[in-house]
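So you can see what is in the structure, the chains are spelled out below.
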Amino acid sequence: MTELKIPDHIAIILDGNGRWAKKQNRPRTFGHKEGAENVIRIAKSCKKFGVKTLTLYAFSTENWKRPATEVGFLMDLLIKFVNSKLEQLMAEDCKINFLGDISKLPAKTKDACDLALDKTKDNKSLVINIALNYGGRDEIVHAFKEIMEKGYVPDEITEELISENLYTAGLPDPDLLIRPGGEIRLSNFLIYQLAYTELYFTDVLWPDFTEDDLREAILAFTKRDRRYGGL
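Per an unreviewed UniProt entry, the chain is named Isoprenyl transferase, and its organism is Anaerococcus murdochii.

Right, dumping it as structure tokens:
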């Protein structure tokens, strides 16, 4: 049996909640609720395997275009997620970060984010980054605005400087990106950080994505030859 090479950092696009709910003859909101439950299950599996950082694409800058009722449900779902799962996250020694402009979120949702950030800030076993009101292009624009406000001139701009001004500053780039749900695209997720990330796509919808599916993705990663442009 092949020994798994465990990625330090796994990123996942949480895709397929709505289609999963449709298959159950339930509303899309039911799928989002089950998708949120699966976050905890897969986070535990990542910790079990020895993954150090897990980054989850939960709500993009483009998702505001969805019906207001669905957006409102998602904002409330995050509050319920924090309130119901915070104790469990603390017990698992998970640290929560948020990537994106959370200042644009409804006040109660932002308060829940702030609570999660504060309560888990000293935890170390698994860092969970939740990309919320996040877009890859928006992040790059934000980074360059930060760089300009700090007074850097063009000749001083380096890849390292850009990385230091992204939402992911201080974090390693993902080793493996997993996209459940059957789509084969990045959807504006971590487009700077994924330059040398291994990509894995599966038709399994996110609420059905299990520890066994995670193991399959890691097995595929194990078999990749990562040369970073070299030989």
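## Thoughts on the overall build of the chain
When its secondary structure is counted, the chain shows seven helices and six strands. In the chain, the succession of α and β elements from N to C terminus is β-α-α-β-α-β-α-β-α-α-β-β-α. On the principal axes, the C-alpha backbone points of the chain span a range of 55 × 50 × 35 Å. Here the chain holds 231 residues, and 46% of them are scored as buried. At a minimum sequence separation of 6, the contacts of the chain that also span at least 24 residues come to 77%. Carbon and sulfur atoms form 51% of the exposed surface of the chain, whose accessible area is close to 12,300 Å².

## Looking at empty space enclosed by the protein
Gaps left between atoms show up when a probe the size of a water molecule is rolled over them. Within the structure shown, the criterion is met by one cavity of 30 Å³ or more. Space inside the largest cavity adds up to approximately 50 Å³. Taken together, Ile40, Ala43, Lys44, Lys47, Gln88, Leu89, Glu92 and Cys94 make up the full set of residues lining the largest cavity. Of all the secondary structure elements, the ones that give two or more residues to the lining of the largest cavity are helix H2 (28-49) and helix H3 (68-91). In terms of residue count, H2 provides more of the lining of the largest cavity than any other element does, four residues in total. Across the lining of the largest cavity, the residue classes break down as four nonpolar, one polar and three charged.

The rules behind each value
- Residues numbered from 1 in each chain as written.
- Predicted model: local features only at pLDDT ≥ 70, side-chain atom pairs only at ≥ 80, totals over all residues.
- Heavy atoms only, no water.
- Helix = DSSP H or I, 4+ residues; strand = E, 2+ residues; numbered from the N terminus.
- Buried < 20%, exposed > 50% of the residue type's maximum accessible area, 1.4 Å probe, protein only.
- Contact = heavy atoms within 4.5 Å.
- Areas by Shrake-Rupley, 256 points an atom, 1.4 Å probe, with all protein chains shown as cover.
- 1 Å grid on protein atoms, 1.4 Å probe; cavity = no way out; pocket = protein on both sides within 12 Å on 5 of 7 lines; lining within 4 Å.
- Points joined across faces, edges and corners; volume = space filled by probe spheres on them.
- Nonpolar A, V, L, I, M, F, W, Y, C, P; charged D, E, K, R; others polar.

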